[in-house]
Amino acid sequence: MTKKVAFIFPGQGSQKIGMGKSFVEGSAIAKEMMQKASQASGIDFEKLLFEENTDIDKTENTQPAILLVSLMAHAVFTSKSDIQPTLLLGHSLGEFSAVSAAGALDPIEAVKLVNARGKLMQSACDEIEASMMVVLGLTDDKVEEICQKAQEDGKKVWPANYNQDGQLVVAGMKSDLASMEAIFKEAGAKRAMLLNMSVASHCPILEPAQAPLKEKMDAVLSDSFCAPIVSNVTTAKYDTKVQALELLSEQLVKPVKYKQSIEAIASEIDIAIEFGNGKVLAGMNKRINKEMKTYNIFDMQSLEAVLTELNA
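Each chain carries its own residue numbering, running from 1 in the written order of its sequence. In keeping with the predicted nature of the model, local features appear solely for residues at pLDDT of at least 70, side-chain atom pairs appear and are counted solely at 80 or more, and the whole-chain, interface and lining totals rest on all residues. Water and hydrogen atoms play no part in the side-chain values, which are based on all heavy atoms of the structure.

(A) Spotlight on the packing of aromatic side chains. Aromatic rings from Phe, Tyr and Trp, with only the six-membered ring used for Trp, were paired whenever their centres fell within 6.5 Å, and each pair was classed as stacked if the ring planes differed by under 30 degrees, edge-to-face if by over 60, and tilted otherwise. Taken as a whole and judged by the stated rule, the model has five aromatic pairs. The interplanar angle of 85° and the centroid separation of 5.9 Å between the aromatic rings of F7 and F77 together place this pair among those described as edge-to-face. With F7 in strand β1 (residues 5-9) and F77 in helix α4 (residues 59-80), this residue pair connects regions lying 70 residues apart in the sequence. Across the pair, F77 and F7 agree in class, each one buried. Consider the rings of F9 and F275, whose centres lie 5.5 Å apart with planes at 20°: the pair is stacked. A residue pair is termed long-range when its members are at least 10 positions apart, and F9 in strand β1 and F275 in strand β9 (residues 271-275) qualify at 266 residues. Three exposure classes are used, based on accessible area relative to the maximum for each residue type with a 1.4 Å probe and protein chains only: buried under 20%, partly exposed in between, and exposed over 50%. Exposure remark for F9: the relative accessible area of 0% places this residue in the buried category. Within the aromatic cluster, the residues linked to one another by ring pairs are F7, F9, F77 and F275. Positioned over the ring face of F50 is K21, at 5.9 Å from the centre of the ring. Note on geometry: a ring has a charge over it if NZ (lysine) or CZ (arginine) is within 6 Å of the ring centre and within 35 degrees of the ring normal. The ring of Y295 carries the charged tip of K293 above its face, separated from the ring centre by 5.0 Å. A run of H or I in DSSP counts as a helix once it spans at least four residues, and a run of E counts as a strand once it spans at least two, with each numbered from the N terminus.

So this is what it looks like as structure tokens:
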């Protein structure tokens, strides 16, 4: 295959009970990964992923669960295909999956790292009531303008996730966000809805988490990138440990520019392959750039279907 391929990885919000089960039941590689991840992290992933529970929605568990399923999907794919990525990227947490898939972070160390990341993020928000809100139907400029005015009025709210045209997630103090629902709607938003989150991601509230996360990353990251990563923060590519340390710690307090990243790479790749539960990024990609074909690998059946199509 001579096509230029982007490997992409979803972030928090894509979790679901049962995700990854097909890989564990159908692949010895995935089963061993889950066992090692459970032993190394102290998280019973079989129970967390395959039995009904509410723990999967806790940030410290959600992040390693999503990352593990993404990396199992990637590992099984690479065991069956010699396709190499031109570049890799992820949405928020997914950028850590991308760095691991690029070879610069051992998958089991990645599980432990994002478990710690989730704890640090939650800790930064423990003394306050933080949350996030999705705003639909407004331009980015308008949301930014409203947030800027709110900040001038003393409110703690910031644009956090640029997902696609007409969909931007805002982070901050829960009470401040709630007070802005009517303001967004008066400005023409189709919807402004608080999300079920106790962490305000990608905004200055998470500054206390930056230094300890960077220290933990420094101990496990390497310079062994098989291909460059597209940064959530800058939309530019990086492929060194020094850059990863800066950009992944900066990502905690700066917005995720996913839409802008896809726009930046659209002319450089032919297809994208999304590894992990659901089709969140594929859906966004289609709305960002209709010409971009995104395949999804979320279970053994979809894996075989993608392999068949790519090898046709």
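Now that the structure has been shown, the text picks up again.
(B) Structural context of the layout of surface pockets. Points on a 1 Å grid, built from protein atoms alone, make a cavity when a 1.4 Å probe fits but cannot get out and make a pocket when they are open with protein on both sides within 12 Å along at least 5 of 7 lines; residues with an atom within 4 Å of a point are the lining residues. Grid points are joined across faces, edges and corners, and a volume is the space filled by probe spheres set on the points. In this structure, the largest pocket encloses a volume near 820 Å³. Lining the largest pocket are 38 residues, with Q12, G13, N161, L195 and M197 sitting closest to its centre. Mapped by element, the contributors of at least two residues to the lining of the largest pocket are α4, α6 (107-125), β3 (130-136), β4 (157-164), β5 (167-173), β6 (191-194) and α13 (280-288). Tallying contributions element by element places β3 first for the lining of the largest pocket, with five residues. Under this grouping Gly is polar, as are all residues other than the nonpolar Ala, Val, Leu, Ile, Met, Phe, Trp, Tyr, Cys and Pro and the charged Asp, Glu, Lys and Arg. For the lining of the largest pocket, the per-class residue count stands at 14 nonpolar, 18 polar and six charged.

(C) Spatial organisation of the nonpolar core. If you look at the biggest cluster of nonpolar residues, it comprises 84 residues, and the most contacted ones within it are F45, L49, F77, L88, V99, I273 and I297. Considering every element that reaches this core, the biggest residue donor is α4, with 11 residues. Contacts are assigned to residue pairs with any non-hydrogen atoms lying within 4.5 Å of each other. Ignoring sequence-local partners within four residues, the contact set of I273 consists of V5, A6, F7, I8, F77, Y295, I297 and L310. Core analysis: the next-biggest nonpolar cluster, separate from the first, contains 16 residues, V135, C147, V170 and M180 among them. Joining through side-chain atoms within 4.5 Å is the link that ties buried Ala, Val, Leu, Ile, Met, Phe, Trp, Tyr and Cys residues into a set, and such a set is a nonpolar core.

(D) Focus on α4. Take the residue count of a helix, subtract one, and multiply by 1.5 Å to get its expected span. Across its 22 residues, α4 extends 32 Å between first and last C-alpha, which sits within 8% of the 32 Å expected from 1.5 Å per residue. Across the 22 residues of α4, 18 count as buried, placing the element largely inside the fold.

(E) Geometry of the packing of helix α2 (residues 28-41) against α6. Look at α2 against α6: their axes get within 9 Å of each other, and the N-to-C directions meet at 45°. Between α2 and α6, the angle is such that the two are oblique. Note that α2 runs across α6; the crossing there is right-handed. Judged by residue contacts, M33, K36, A37, A40 and S41 of α2 engage P107, I108, V111 and K112 from α6. When its residues are assigned to classes, the contact of α2 with α6 shows six nonpolar, one polar and two charged. Note on definitions: angles span 0 to 180 degrees between N-to-C directions of axes, and those axes are lines fitted to C-alpha atoms, for helices only across the stretch in contact. Working definition: roughly parallel below 35 degrees, roughly antiparallel above 145 degrees, roughly perpendicular at 65 to 115 degrees, and oblique for all remaining angles. Two helices that cross are described as forming a left-handed crossing if the nearer one is turned anticlockwise from the farther one by less than a right angle, and a right-handed crossing if clockwise.

Any link to function would need more than the numbers given here.
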